Amino acid sequence: MLNYNLKADLFRYGGLVGYKGFLKGIMCSGFRYMILYRKAQKYKNNRVIYFFFRLLKRRFKIKRGYDISFDAQIGEGLYLSSHPGHVIIGPIKIGKYCNINHSVTIGRTYKNGKICHPIIDDFVWIGTGAVIVGGVRIGKNVLIAPNAYVNIDIPDNSLVIGNPAKIYPKENPTENYINHILTESAI
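Student: Even after reading the chapter, I still don't get the sheet that holds strand 3 (residues 79-80), so can you show me in this structure?
Tutor: Here we have six strands laid out as an open sheet, ordered 3-6-11-14-16-17, and mixed in their pairing. Strand pairing shows two members of the sheet lacking a second neighbour, strand 3 and strand 17 (166-169), which therefore form its edges. Relative to strand 14 (residues 142-144), strand 11 (residues 124-126) is paired through three bridges, and the arrangement is parallel. Residue I126 lies in a different strand from strand 14, and its bridge partner there is I144.

Student: Would you take a moment to explain the nonpolar core for this structure?
Tutor: The tendency in soluble globular proteins is for nonpolar side chains to be buried as a group. L80, I100, I120, I126, I138 and I144 are the most contacted members of the largest nonpolar core, which totals 45 residues. I144 has contacts with V124, W125, I126, G127, A130, I132, I138, V150 and V160, leaving out every residue within four places of it along the chain. The next biggest cluster of nonpolar side chains, apart from the first, holds eight residues, and it includes A8, Y97, W125 and L182.

Student: Whenever I open this one, the environment of I88 confuses me. Can you help?
Tutor: Residue position: I88 is located in strand 4 (residues 87-89). The partly exposed category is assigned to I88, whose relative accessible area is 37%. A C-alpha to C-alpha distance of 9.2 Å links I88 and H102, two positions 14 residues apart in sequence. Excluding its chain neighbours within four sequence positions, the residues that come into contact with I88 are D67, V104, T105 and I106.

Student: How should I be thinking about the side chain of D121 in this particular structure?
Tutor: Here D121 lies in the loop between strand 10 (119-120) and strand 11. Classification of D121 as buried rests on a relative accessible area of 16%. A polar side-chain atom of D121 sits 2.5 Å from a polar atom in the side chain of R137. When neighbours within four sequence positions are excluded, D121 is seen to be in contact with G95, C98, R137, I138, G139 and K140.

Cut-offs and rules
- Here the residue index of a chain counts from 1 through its sequence in written order.
- Restriction of local features to residues with pLDDT of at least 70 applies here, the model being predicted, together with a cutoff of 80 or more for giving and counting side-chain atom pairs; totals for whole chains, interfaces and linings are based on all residues.
- Side-chain calculation: all heavy atoms of the structure are included, whereas hydrogens and water are not.
- DSSP bridges decide pairing: two strands pair if at least two such bridges lie between them.
- Put simply, DSSP marks the helices as runs of H or I at least four residues long and the strands as runs of E at least two long, and each gets a number from the N terminus on.
- Nonpolar cores are built from buried Ala, Val, Leu, Ile, Met, Phe, Trp, Tyr and Cys residues. Side-chain atoms within 4.5 Å join them into one set.
- Relative accessibility under 20% of the residue-type maximum defines a buried residue, over 50% an exposed one, and the middle range a partly exposed one, all with a 1.4 Å probe and only protein chains included.
- Note on definitions: a residue-residue contact is assigned when non-hydrogen atoms from the two residues lie within 4.5 Å.
- Polar contacts, as used here, are pairs of N or O atoms within 3.5 Å; protein pairs need one atom able to donate a hydrogen and one able to accept it. Residues neighboring in sequence count only if both atoms are side-chain atoms.

Everything listed is a geometric property; what it means functionally is a separate question.
What follows is the structure in structure tokens.
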């Protein structure tokens, strides 16, 4: 029923596993959206099923405000906040086990006639109202504080605060922010 990516996504919502966990997880709007997104990605070559999931995803976009581009590449274990507020993600690459809170915008820019997309590595926590734009690379284990504006590269193990972004090196900044990581023993 669920592939590994969806199991990892489900596990991020409080360590939920199995059929009962799925029934609890389906109550979280962030997980429901990820089901639609991942199923639409899976059936991209089957026009009928793809169209069905795309319609459901569009309805969810209007109802809940989630808008993730079909060209985005998202690793396992993405946690989308279930709080009201738009989450807009363009055609970017997101690594494993990231948290994205509400009212976040992640998108591309145009520089010298060239399109630039952000790349977000593993274990990144993005706070409410944050904006990430341009051809930037966000390193592993990075915490981006609420309302931060990021248009510069961020090294691994960093805390990012403010507009313009200020980088503070910090060992393990996402500790206690990124929880419930799926391991083989939890399956």
